Amino acid sequence: MAMFRSLVASAQQRQPPAGPAGGDSGLEAQYTSPICLEVYHRPVAIGSCGHTFCGECLQPCLQVPSPLCPLCRLPFDPKKVDKATHVEKQLSSYKAPCRGCNKKVTLAKMRVHISSCLKVQEQMANCPKFVPVVPTSQPIPSNIPNRSTFACPYCGARNLDQQELVKHCVESHRSDPNRVVCPICSAMPWGDPSYKSANFLQHLLHRHKFSYDTFVDYSIDEEAAFQAALALSLSEN
């Protein structure tokens, strides 16, 4: 877990500075949300720590009783999350080259451009980091851990997939103060089965909005699986 904390600390450096430091080449990275890893969309800023996120990215954190900043983990008041108008102005003013076709695009329009840029789509299709699961008739080895269904760490309810686990915990354990081990993380190659989350519901809502098994293929070795899961975990922090 120390490795993840150090990675989160390094991610703080991606918060945007006051101006376009670093030139055009690093400008998009300076205005990239540390959650979705895309250029900010309708950015908002947390009043207590000043960290900026897409409005939609921060929504899961606002759905729990005691929200923590996804980046620095400091508590914050949901009523003191404001629209980052200064960041929106900068997004409309600054241009950066598309990482695919190299065409200069206003940062405010970068998401739309990337979604239609053939060069970017080609890069994503050829990305070696994520290996989609391909249907196969071969049986899954018996020694592969179950990463499809999980037991609720609060009450022991079993056979819940990720979405069902999120729904169950939101409905049944929203106010449960107990520190528990995340069953999804502990099933991963890098998981620590002894690490108890201080705010499991927020962790669940924020980190597990997708399935790791969508990206981690059982046919690759454990080191490759670790690296893929590590990259995905960082993108959700």
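Residues numbered from 1 in each chain as written. Predicted model: local features only at pLDDT ≥ 70, side-chain atom pairs only at ≥ 80, totals over all residues. Heavy atoms only, no water.

Some details on the UniProt feature "domain: RING-type" (unreviewed entry) in the protein chain
Right, so step 1: Mapped onto this numbering, the UniProt entry gives "domain: RING-type" (unreviewed entry) at residues 34-73.
Right, so step 2: Across residues 34-73, helical content stands at 10% and strand content at 18%; the span's end C-alpha atoms are separated by 13 Å. (UniProt positions renumbered as here; feature names shortened; annotations may be inferred. Helix = DSSP H or I, 4+ residues; strand = E, 2+ residues; numbered from the N terminus.)

Brief notes about the confidence of the model for the protein chain
Right, so step 1: With 67% of its residues at a pLDDT of at least 70, the protein chain reaches an overall mean of 75.
Right, so step 2: Taken together, the stretch residues 1-19 has pLDDT below 50 and engages in 41 contacts with residues farther than four places along the chain or on a different chain.
Right, so step 3: Residue range residues 232-237 is modelled with pLDDT below 50. Its contacts to residues more than four positions away, or to other chains, number 26 contacts. (pLDDT = per-residue confidence, 0-100. Contact = heavy atoms within 4.5 Å.)

With respect to the pattern of salt bridges
Right, so step 1: Under the definition given, this model contains three salt bridges.
Right, so step 2: For glutamate 28, the salt bridge identified is with arginine 99, shortest N-O distance 2.6 Å. Here the residue glutamate 28 occupies a position in helix α2 (residues 27-30), and arginine 99 occupies one in the loop between β4 (95-97) and β5 (104-106), the gap between them amounting to 71 residues.
Right, so step 3: Taking relative accessible area as the criterion, glutamate 28 reaches 11% and is therefore assigned buried. (Salt bridge = Lys/Arg side-chain N within 4 Å of Asp/Glu carboxyl O. Buried < 20%, exposed > 50% of the residue type's maximum accessible area, 1.4 Å probe, protein only.)

What to know about the nonpolar core
Right, so step 1: Formed by 28 residues in total, the largest nonpolar core has its most connected members in Tyr31, Ile46, Phe53, Leu58, Leu91, Leu107 and Met110.
Right, so step 2: Elements that contribute at least two residues to this core include exactly β1 (43-46), β2 (52-54), α3 (55-58), α4 (85-93) and α5 (110-116).
Right, so step 3: Ranked by residues supplied to this core, first place goes to β1 with three residues.
Right, so step 4: Split by domain, this core shows at least three residues from each of two domains, domain 1 (28-92) and domain 2 (94-126).
Right, so step 5: If you look at the next biggest cluster of nonpolar residues, it comprises 18 residues, including Val166, Val180, Phe200 and Leu205. (Core = buried A, V, L, I, M, F, W, Y, C linked by side-chain atoms within 4.5 Å. Domains from an automatic or database assignment.)

A word on the sheet that holds strand β3 (residues 81-83)
Right, so step 1: The three strands are arranged β2-β1-β3 in an open sheet whose pairing can be described as antiparallel. The open sheet has two free edges, formed respectively by β2 and β3, since each of these has just one partner strand. Averaged over neighbouring strand pairs, the angle between their axes works out to 35° when direction is ignored.
Right, so step 2: Bridge count between β1 and β3: three bridges; the pairing is antiparallel. If you follow valine 44 over to β3, its bridge partner there is lysine 83.
Right, so step 3: Contacts from α4 reach β1, β2 and β3 within the one sheet, and its direction differs from that of β1 by about 145°. (Pairing = 2+ DSSP bridges. Axes fitted to C-alpha atoms, helices over the stretch in contact; angles between N-to-C directions.)

Describing the packing of aromatic side chains
Right, so step 1: This structure, assessed with the given rule, holds two aromatic pairs.
Right, so step 2: Here the aromatic rings of tyrosine 154 and phenylalanine 200 are separated by 5.8 Å at their centres, their planes lie at 70°, and the arrangement is edge-to-face. On the criterion of sequence distance, the pair formed by tyrosine 154 in the loop between α6 (118-125) and α7 (162-172) and phenylalanine 200 in helix α9 (residues 200-207) is long-range, its members being 46 residues apart. (Phe/Tyr/Trp six-rings, centres within 6.5 Å; stacked < 30°, edge-to-face > 60°.)

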